[in-house]
Amino acid sequence: MGINTILFSVLSVLTIFCAIMVIASKNPVHSVLWLVATFFTISGHYILLNAQFLAIVNIIVYAGAIMVLFLFVIMLMNLNSNTEQRKNLWMKLAGIVSAGMLLWILISAVRTYTEQLGKQKLNATFNTGNIGLIKNLGSVLFTQYAFPFEICSVLFLSAMVGAVVIGKKQ
Amino acid sequence: MTLLVIDWALIIEKLILIVVVVLASLVIALYSTYGERKIAAFFQDRIGPNRAGPFGLLQPLADGAKLIFKEDVIPNAANKWLFILGPAMSMTAALITSAVIPWGNHLEIGKRIVPLQIADVNIGILYVFGVVSLGVYGIMIGGWASNNKFSLMAALRGASQAISYELAMGMSLIALLMLTGSLSLKTIAAQQVGHLWNVCYQPLGFIIFLVCAFAECNRTPFDLAEAENELNMGYHQEYSSMKMGFYLFAEYVNMFISSAVMATMYFGGYDLPFFNPANHSANFAALIGIIALMAKVLFFIFLFMWVRWTIPRFRYDQLMNLGWKKLLPLALANMLITAVVILWLHK
């Protein structure tokens, strides 16, 4: 058992704990903060996989920007555990169904992966592969995946324009 | 059976380095408060603190002791845990930024080469950004958990300001990174040793970065998060004792760290002009490097204070206009021009 395995186990336990706390917290602000903690532990996993760029971008974008906006909204709407109302049975049912479908997809993905591993006699390894480093990721994004990358940026642009248009109306 | 193979020398070396860097940041931040008051006094034709010790040099210690021994009040209606978490996060975020800054080249102790940098990660400058964006949480959580309208308003202001200026800051950095081709602060500093400093290639980028650094540190003219005449006092209104002290202190640590980042990225880091480290022993060169870097850092800290006591505070809409309508387009233009010039020169 090397240091990587120990780190991986610790990080995984932390990740799952934080993720459970996100949905278990009554206070929405606590939920957001636990979610931020979850992003951190996931970034830890990225670092274990030698994807430092992904790790830090995950923190900057999700923990640093998106979750701050979440906090903004929650603080401004002043949501509290007492004002929270979720009594609609159909909503609960829909939630259960969609979560179950997500679980289904995840399990099938993990299963196909492990089956392939078994076929190729491969072991999952830590700290190998350099695709997560900024240089390699950048060159791949701008050569092999240039088209989808640009499409994504157009998508973001349209979202931004849409937000401005909605904001201007009022 | 060995469970873990650990390089103890490395761990001890890093531990000492971390302790030294954290202590140095704290002491410099402590004496920045003294410097701030003395400089303010100088600008306003006063004398400033001069009672505690010679020249009032013990004043920051007296202030610290006073803050620690004051009664620590947690408001009844406050969210207790988050109320404590707020200042803790502010302080932590301020302190851990120093991990990627190269304080000098390297020391030679016996045969061991000790780099004067806690961690040389290849995404150094992005790490600084990541941690800085966390500093926002300290303000937001503290402001919200106080359960005070003014605190909340100040927290929202502070957070939106930090997010807005981070964009222009990132854009101005991209232009610099095109030049250096590396995100590691150590590489960026090493590239400048014996060459022209980056500020010569990126003057506009540096000015944008400087302005954004002022905004990120919540310093005047951008200290709208603590505008007394509009918000009573700001996001730390309900805080007392050392929790309050942490918030105030984190500002000074932030100032120190951002000065160090600016010195490293634009002003050659530990490079001293007309001094060739190859001609001297490694330890002597490292010492000179540390002194050179500290001199640059002190200059930037002075600049922070100089601006604070010279320029009045912006209005909130002016602040947002400056960030989004002036600095961001300027930074974008700077980035484009840099890219074009680099392409042109390579052909």
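Whatever comes next refers back to the structure up there.
Asker: In this structure, what is going on with the overall build of chain A? I would like to understand it.
Answerer: When its secondary structure is counted, chain A shows six helices and zero strands. Buried residues in chain A amount to 24% of all 170 residues. Put simply, of all contacts in chain A between residues at least 6 apart along the chain, 63% involve residues at least 24 apart. For chain A, the accessible area works out to roughly 12,400 Å², and carbon and sulfur atoms hold 74% of it.

Asker: Is there a simple way to explain the interface of chain B and chain A in this structure?
Answerer: For an interface, size is often stated in terms of accessible area lost upon the parts coming together. Listed per partner, the contact involves 24 residues of chain B and 26 residues of chain A. Between chain B and chain A, roughly 2,200 Å² of surface is buried when both sides are summed, and carbon and sulfur atoms account for 80% of that area. Of all residues in chain B, B:Tyr137, B:Met140 and B:Trp144 bury the most surface against chain A, accounting for 27% of the area lost on that side. Inspection of the region where chain B meets chain A yields zero salt bridges. Where chain B packs against chain A, one counts two residue pairs in polar contact (both at pLDDT 80 or more). The element best represented in the side of chain B that touches chain A is helix H4 (residues 124-145) of chain B, accounting for eleven residues. A breakdown of the residues in the side of chain B that touches chain A according to their chemical character gives 19 nonpolar, five polar and no charged.

Asker: Just to check I follow, could you spell out the packing of helix H8 (residues 203-216) of chain B against helix H12 (residues 316-346) of chain B for this structure?
Answerer: Two measures define how a pair of helices packs: the angle their axes make with one another and the distance between the axes. Residue and element names in this part refer to chain B. Put simply, H8 and H12 touch, their axes get as near as 10 Å, and they point 150 degrees apart. When the axes of H8 and H12 are compared, the pair comes out roughly antiparallel. H12 is crossed by H8, and the crossing has left-handed handedness. Here Leu204, Gly205, Ile208, Val211 and Cys212 of H8 come into contact with H12, specifically with Leu322, Leu327, Leu330, Ala331 and Asn334.

Asker: Honestly, helix H3 (residues 80-96) of chain B in this entry has me stumped. Any pointers?
Answerer: Because the α-helix completes a turn every 3.6 residues, residues three or four places apart line up on one side. Look at H3(B): 25 Å from first C-alpha to last across 17 residues, which is about the 24 Å you get at 1.5 Å a residue. Those residues of H3(B) not exposed but buried are B:Leu82, B:Phe83, B:Gly86, B:Pro87, B:Ser90, B:Met91, B:Ala93, B:Ala94 and B:Leu95. Elements that come into contact with the buried residues of H3(B) comprise helix H2 (28-48) of chain A together with helix H1 (8-43), H4 and helix H10 (241-266) of chain B.

Asker: Teacher, can you tell me more about the nonpolar core here?
Answerer: Considering soluble globular proteins, one finds that nonpolar side chains tend to be buried as a cluster. Among the nonpolar cores identified, the biggest contains 74 residues, and B:Ile125, B:Tyr165, B:Phe209, B:Val253, B:Val261, B:Met262 and B:Met265 are the most heavily contacted of them. Here the element with the most residues in this core is H10(B); it accounts for 13 residues. With sequence-adjacent residues up to four places away left out, B:Val253 is seen in contact with B:Ser25, B:Leu26, B:Ala29, B:Met91, B:Ala94 and B:Leu95. Counting residues in hydrophobic clusters, the runner-up holds 38 residues, among them A:Val29, A:Leu71, B:Val136 and B:Met244.

Asker: Mind showing me how you'd approach the pattern of salt bridges here?
Answerer: All names here are of chain B. Under the criterion given, the structure shown has six salt bridges over all chains. Across the salt bridge formed by arginine 219 and glutamate 251, the nearest N and O atoms sit 3.1 Å from each other. Of this pair, arginine 219 sits in the loop between H8 and helix H9 (228-231) while glutamate 251 sits in helix H10; the two residues are 32 residues apart in sequence, bridging distant segments of the chain. By relative accessible area, arginine 219 is classed as buried at 0%. Glutamate 251 sits in the buried class, given a relative accessible area of 9%. Aspartate 317 is paired through a salt bridge with arginine 315; the nearest N and O atoms lie 2.9 Å apart.

Asker: Just checking my understanding: could you explain the packing of aromatic side chains for this structure?
Answerer: The geometry of an aromatic ring pair is captured by the separation of the ring centres together with the interplanar angle, meaning the angle of the planes. Tallied over the entire structure, the rule returns 20 aromatic pairs over all chains. The interplanar angle of 90 degrees and the centroid separation of 5.6 Å between the aromatic rings of A:Phe17 and A:Trp34 together place this pair among those described as edge-to-face. Of this pair, A:Phe17 sits in helix H1 (residues 3-24) while A:Trp34 is found in helix H2, placing the two residues 17 residues apart along the sequence. Following the ring pairs from residue to residue traces out a cluster consisting of B:Trp197, B:Phe206, B:Phe209, B:Tyr266, B:Phe267, B:Phe299 and B:Phe300.

Asker: Is there a simple way to think about H1(A) in this case?
Answerer: Residue and element names in this part refer to chain A. Taking 1.5 Å per residue, 22 residues should reach 32 Å; H1 reaches 31 Å between its end C-alpha atoms and fits that length. For H1, the full list of buried residues reads Leu11, Ser12, Thr15, Cys18 and Val22. Buried residues along H1 cover an arc of 140 degrees about the axis, so they all sit on one side. Turned more than 90 degrees away from the buried face of H1, the exposed residues are Val13 and Ile16. Contact partners of the buried residues in H1: H2.

Asker: Please clarify how empty space enclosed by the protein should be interpreted in this entry.
Answerer: The method is simple in principle: a probe with the dimensions of a water molecule rolls over the atoms, and the space it marks as empty is what remains. Residues and elements named next belong to chain B. Within this structure, the stated rule accounts for two cavities of 30 Å³ or more. Computed from the structure, the largest cavity encloses a volume of approximately 470 Å³. Surrounding the largest cavity, 32 residues form its lining, Val132, Gly135, Glu216, Cys217 and Asn254 being those nearest its centre. Contributions of two or more residues to the lining of the largest cavity are made by H3, H4, helix H5 (149-180), H8 and H10. A total of eight residues in the lining of the largest cavity trace back to one element, the largest contributor, which is H4.

Definitions and limits used
Residues numbered from 1 in each chain as written. Chains lettered and ligands numbered in written order. Predicted model: local features only at pLDDT ≥ 70, side-chain atom pairs only at ≥ 80, totals over all residues. Heavy atoms only, no water. Helix = DSSP H or I, 4+ residues; strand = E, 2+ residues; numbered from the N terminus. Buried < 20%, exposed > 50% of the residue type's maximum accessible area, 1.4 Å probe, protein only. Contact = heavy atoms within 4.5 Å. Areas by Shrake-Rupley, 256 points an atom, 1.4 Å probe, with all protein chains shown as cover. Buried area = accessible area lost by both parts, 1.4 Å probe. Salt bridge = Lys/Arg side-chain N within 4 Å of Asp/Glu carboxyl O. Polar contact = N/O pair within 3.5 Å; in protein donor to acceptor, adjacent residues only side chain to side chain. Nonpolar A, V, L, I, M, F, W, Y, C, P; charged D, E, K, R; others polar. Axes fitted to C-alpha atoms, helices over the stretch in contact; angles between N-to-C directions. Parallel < 35°, antiparallel > 145°, perpendicular 65-115°, else oblique. Left-handed = near helix turned anticlockwise from the far one by under 90°. Expected span 1.5 Å × (residues − 1). Core = buried A, V, L, I, M, F, W, Y, C linked by side-chain atoms within 4.5 Å. Phe/Tyr/Trp six-rings, centres within 6.5 Å; stacked < 30°, edge-to-face > 60°. Arc of directions from axis to C-beta. 1 Å grid on protein atoms, 1.4 Å probe; cavity = no way out; pocket = protein on both sides within 12 Å on 5 of 7 lines; lining within 4 Å. Points joined across faces, edges and corners; volume = space filled by probe spheres on them.

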